[in-house]
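Structural description and commentary
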Amino acid sequence: VEGVPWRTQLSFHVNGKAVKVEDAQPHQTLLWFLREKLGLTGTKLGCGEGGCGACTVTVSQFEDNRVVHRAVNACLAPLCSVDGCQVTTVEGLGTASAPHVAQRRVAELHGSQCGFCTPGIIMSLYTTLCRSPKPTLSEIESSFDGNLCRCTGYRPILDAAKTFCCNKGSCPTTPDTPPSGSPSEEKNVKVWASTAQTIQRALMGWRRKWRRSPFPRP
């Protein structure tokens, strides 16, 4: 309407493509728009309350002349909140034939079981790598605070994620004795699976593949 001092159109990018929305309603969520309007069903509807992380996407925007990346629960984010932002979903990372390095490592280290939570986990990892290309073990573990895996596949998920860590040598190793069953006796044991050995084997395997591969390294 002529003379209206505010914009009535949303403008943002999804996976690098410009999107314009003319009739956004206050109750519409980013998740609803991605799935129902754009057909990007890789972003899942889990709990619908921001508790499981299956709907995680990366939202990037300029702040103080720099790009800030955030992992966002799309089921809670109002569609209007991404005006002027770049939204990246799991479809924007890679394909089955050419996966993003985060997708490939989670797959090769068996971090996906039923697969429902995997897109959100991948996007949390991707966001962490965007913010810090060389994350620490602590940063990796903290990045998954909002992601639930109902198949209880946390160990391989973390093993895959920790291959990106800059302090891999700090990974705890398997104790020589089996678990006692008593929490008080196990208070100093953080990980029963040998995370350090798993990461080392994975990295050695990838190095051998890279030497044989005719394609450039990721």
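Owing to the predicted nature of the structure, the values given are computational and were not obtained by experimental measurement.

With 23 residues, the main nonpolar core has Leu-125, Ile-140 and Phe-144 as its most contacted residues. Elements with a contribution of two residues or more to this core: helix 2 (101-108), helix 3 (118-131), helix 4 (137-143) and helix 5 (154-162). Top contributing element to this core by residue count: helix 3, with six residues. Setting aside anything within four residues of it in sequence, one finds Phe-144 in contact with Ile-121, Ser-124, Leu-125, Ile-157, Leu-158 and Ala-161. The next biggest cluster of nonpolar side chains, apart from the first, holds 20 residues, and it includes Leu-31, Leu-34, Val-59 and Val-82.

Moving on: the packing of aromatic side chains. Inspection of every chain in the model, using the stated rule, returns one aromatic pair. Judged by centre distance (5.8 Å) and plane angle (65°), the rings of Phe-12 and Phe-33 are edge-to-face. Taken together, the residues Phe-12 in strand 1 (residues 10-14) and Phe-33 in helix 1 (residues 30-37) connect sequence positions 21 residues apart. Overall, the relative accessible area of 7% leaves Phe-33 in the buried class. Lying across the ring of Phe-164, Arg-105 places its NZ or CZ 4.3 Å from the centre.

With 14 residues, helix 3 extends 20 Å from end C-alpha to end C-alpha; this agrees with the ideal 20 Å at 1.5 Å per step. For helix 3, the tally of buried residues reaches twelve of 14 residues, placing the bulk of the element in the interior. What helix 3 keeps buried is the set Thr-118, Pro-119, Gly-120, Ile-121, Ile-122, Met-123, Ser-124, Leu-125, Tyr-126, Thr-127, Thr-128 and Leu-129. Structurally, helix 3 contributes buried residues whose contacts are with strand 3 (56-63), strand 4 (66-73), strand 5 (86-88), helix 2, helix 4 and helix 5.

Evaluation of the coordinates by the stated rule reveals zero disulfides. The thiol of Cys-52 is unpaired, and the distance to the nearest cysteine sulfur, on Cys-47, comes to 3.9 Å.

Next up on the list: the sheet that holds strand 3. Taken in spatial order, the five strands make up an open sheet running 2-1-5-3-4, and their pairing is mixed. The two strands at the open ends of the sheet, each matched to only one other strand, are strand 2 (17-21) and strand 4. Neighbouring strand axes in the sheet, compared pairwise and without regard to direction, differ in orientation by 30° on average.

Reading guide: rules and limits
Residues numbered from 1 in each chain as written. Predicted model: local features only at pLDDT ≥ 70, side-chain atom pairs only at ≥ 80, totals over all residues. Heavy atoms only, no water. Core = buried A, V, L, I, M, F, W, Y, C linked by side-chain atoms within 4.5 Å. Buried < 20%, exposed > 50% of the residue type's maximum accessible area, 1.4 Å probe, protein only. Helix = DSSP H or I, 4+ residues; strand = E, 2+ residues; numbered from the N terminus. Contact = heavy atoms within 4.5 Å. Phe/Tyr/Trp six-rings, centres within 6.5 Å; stacked < 30°, edge-to-face > 60°. Lys NZ or Arg CZ within 6 Å of the ring centre and 35° of its normal. Expected span 1.5 Å × (residues − 1). Disulfide = S-S within 2.5 Å. Pairing = 2+ DSSP bridges. Axes fitted to C-alpha atoms, helices over the stretch in contact; angles between N-to-C directions.

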